[in-house]
Each structure stands twice: as C-alpha cells, then as structure tokens.
Amino acid sequence: MILTLHHAPDFASTIVRFALEELELPHTLALVDIDGGALASPEYRRVNPVGLIPALETDQGPMFETAAILLWLVDQTGRLGPGPKDPDRGAFLSWLFFTSNALHQAALAMFYPHRPAGEANSDAARAAAQEQIVARLGLIEAMLAAQSPRWLSADHPGVLGYYIGVLVRWLILLPPAPYGIDLDDFPHLKAVLAAHEARTAAQRVAASDGLGSTPFTNPGS
C-alpha cells in the first residue's frame, strides 16, 4: 500500500495522521504550505478538488474528506473500527458521520463564524455553534455512559477516538468562556481521549507536530 498524506500540523490532516501511525502503515508526509496558497494550486487541486486538507494519495487513487479516509483505512486494514460484516458497523457509521457532519461542522462554525453568517453576524453564529457543540458532545457522553462500545473505548484505539480527540483539542484551546469547553463535563469521553493520547503512536504524532504530551485532554500544557 503506497500512501502520501498531504498534511499541515494541527489541521484536520492530523486526525488521519494519528490513524496512520496507530495502524503502523508506511506513508509519506507532503507538508502543505497553507499560508503560501498551496491549497489553491492546480497541483493540489488535482489531489483534492475542493482545496482543503486532508488529502490522501493511495495506490487506488487520491481521497479527500476526513471521515471517508478514516473509513477507508478501517476497511483496508480491518482495524480501528468495525468492518462491514460486524454487528456494530451501523452504530459506528452513525457516530462517525455524526462527528463529521454535526460536531466537526459546529467546530468550524465556531472558528470561522463569518463563513456561514457574514462578518456582521459572527457573534451570533459563534454563540449558536457553542450551544450545538456542548449539546453534541453531551450526546456522545450519554452514548458512552449507556453503551461502552468497543469502537469508542479507553481499552481499544479507534479512528473515532482520534477524530473526536482532535476536535476536542481545538475546542479546549479556544479563548475562555463564553466559548470553548470543559472536558471535565464529559467524564466518559475524557477517559476515552486520555487513553488514546497516551498510546505510543499518538505520542509520536504529538511530538512530531508539536502538540504536547496531552494533546486531547490538556492541550495547553
């Protein structure tokens, strides 16, 4: 398997990098100069036509969209999530796409509120995104308390744990109240993320990308 990850540290490509390291899949990093306009270049648009990261080049062709790449890795390797025949597959897919379509999008609205609402409405958009984020993390917390699924667990690493971990990292790093989150409000999720960030693979990525030794639970340390 020949893999090249187009990557910028502490952007969404970091989510994919955690998964690649956990799977111990040989891969090459192609660092993307975001500030230099690389995402708009014709060369990059041939890999990811929407001009965002991540993008993963494979021997089956290029891929983009975080959830799509993570799901492809699960199916290629049979690890870090339930396979197509696993009874847990439906629940895993539901929460993976919830994370991509609901939690990730709310986080983006928090960071870039002018995009959906315009500059004049940025404060209102950010406040709405904050409410959505807390509610959606609450749904994940309630699911963990009720089910303790293997595919989002402190005992078993998974692509969903790494995906949520990076999103939570960004939200914790937001300025203090009224924005940002307190992970202590979500103790089951905090335990899952603490286990993921302590893994050898996660520590390799954290050291390489300068994320600190507790990138998910205490990213400011």
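Before reading further, recall that the structure is shown in the block above.
Residues numbered from 1 in each chain as written. Predicted model: local features only at pLDDT ≥ 70, side-chain atom pairs only at ≥ 80, totals over all residues. Heavy atoms only, no water.

1. A word on the overall build of the protein chain
Part 1: Along the backbone of the protein chain there are nine helices and four strands.
Part 2: Counting from the amino terminus, the protein chain carries its helices and strands in the arrangement β-α-β-α-β-β-α-α-α-α-α-α-α.
Part 3: Computed over the C-alpha atoms, the radius of gyration of the protein chain is 17 Å, within 12% of the 17 Å expected from 2.2 N^0.38 for a compact globule of 221 residues.
Part 4: Considering only C-alpha atoms, the protein chain reaches an extent of 45 × 40 × 35 Å along its principal axes.
Part 5: Looking at the protein chain as a whole, 48% of its 221 residues qualify as buried.
Part 6: In the protein chain, the proportion of contacts linking residues at least 24 apart, taken out of those at least 6 apart, comes to 63%.
Part 7: When the accessible area of the protein chain is evaluated, it comes to approximately 10200 Å², of which 54% is carbon and sulfur surface.
Part 8: If the 14 positive side-chain charges of the protein chain are averaged to one point and the 23 negative ones to another, these points end up 4 Å apart. (Helix = DSSP H or I, 4+ residues; strand = E, 2+ residues; numbered from the N terminus. Rg over C-alpha atoms; globule rule 2.2 N^0.38 Å. Buried < 20%, exposed > 50% of the residue type's maximum accessible area, 1.4 Å probe, protein only. Contact = heavy atoms within 4.5 Å. Areas by Shrake-Rupley, 256 points an atom, 1.4 Å probe, with all protein chains shown as cover. Lys, Arg positive; Asp, Glu negative; His and termini not counted. Charge placed at Lys NZ, Arg CZ, Asp CG, Glu CD.)

2. A short note on the pattern of salt bridges
Part 1: Summed over the entire model, instances satisfying the criterion amount to six salt bridges.
Part 2: Glu22 is the partner of Arg199 in a salt bridge, and the nearest nitrogen-oxygen pair spans 2.8 Å. Here Arg199, found in the loop between α8 (187-197) and α9 (200-209), pairs with Glu22, found in helix α1 (residues 13-23); they are 177 residues apart in sequence, far enough to count as distant.
Part 3: Classification of Arg199 as partly exposed rests on a relative accessible area of 31%.
Part 4: Judged by relative accessible area, which is 7%, Glu22 ranks as buried.
Part 5: As a salt-bridge pair, Asp184 and Lys190 come within 2.5 Å of each other at their nearest N and O atoms. (Salt bridge = Lys/Arg side-chain N within 4 Å of Asp/Glu carboxyl O.)

3. Concerning the packing of aromatic side chains
Part 1: Scanning all chains against the criterion turns up seven aromatic pairs.
Part 2: Aromatic side chains Phe111 and Tyr112 sit 6.5 Å apart centroid to centroid with 85 degrees between the ring planes, which places their arrangement in the edge-to-face category.
Part 3: You can call Phe111 partly exposed: its relative accessible area is 23%.
Part 4: Centre to centre, the rings of Phe111 and Trp170 are 6.1 Å apart; their planes meet at 75 degrees, and the pair counts as edge-to-face. You can see Phe111 sitting in helix α4 (residues 89-111) and its partner Trp170 sitting in helix α7 (residues 159-172), a full 59 residues away along the chain. (Phe/Tyr/Trp six-rings, centres within 6.5 Å; stacked < 30°, edge-to-face > 60°.)

4. Let's talk about the sheet that holds strand β4 (residues 61-64)
Part 1: Within the open sheet, the four strands sit side by side as β2-β1-β3-β4. Their pairing is mixed. Single-partner strands in this sheet number two, and they are β2 (28-31) and β4. Taken pair by pair, the neighbouring strands of this sheet meet at an average axis angle of 20 degrees, ignoring direction.
Part 2: Relative to β2, strand β1 (residues 4-7) runs parallel, the two sharing four bridges. (Pairing = 2+ DSSP bridges. Axes fitted to C-alpha atoms, helices over the stretch in contact; angles between N-to-C directions.)

5. A few points about the packing of helix α3 (residues 66-77) against α4
Part 1: The N-to-C vectors of α3 and α4 enclose an angle of 155 degrees; their axes lie 10 Å apart at closest approach. The angle between α3 and α4 falls in the class roughly antiparallel. Here α3 and α4 pass one another in a crossing that is right-handed. Of the residues in α4, those touching α3 at Thr66, Ala67, Leu70, Leu71, Val74 and Asp75 are Arg89, Phe92, Leu93, Leu96, Phe97, Ser100 and His104.
Part 2: For the contact of α3 with α4, the per-class residue count stands at eight nonpolar, three polar and two charged. (Parallel < 35°, antiparallel > 145°, perpendicular 65-115°, else oblique. Left-handed = near helix turned anticlockwise from the far one by under 90°. Nonpolar A, V, L, I, M, F, W, Y, C, P; charged D, E, K, R; others polar.)

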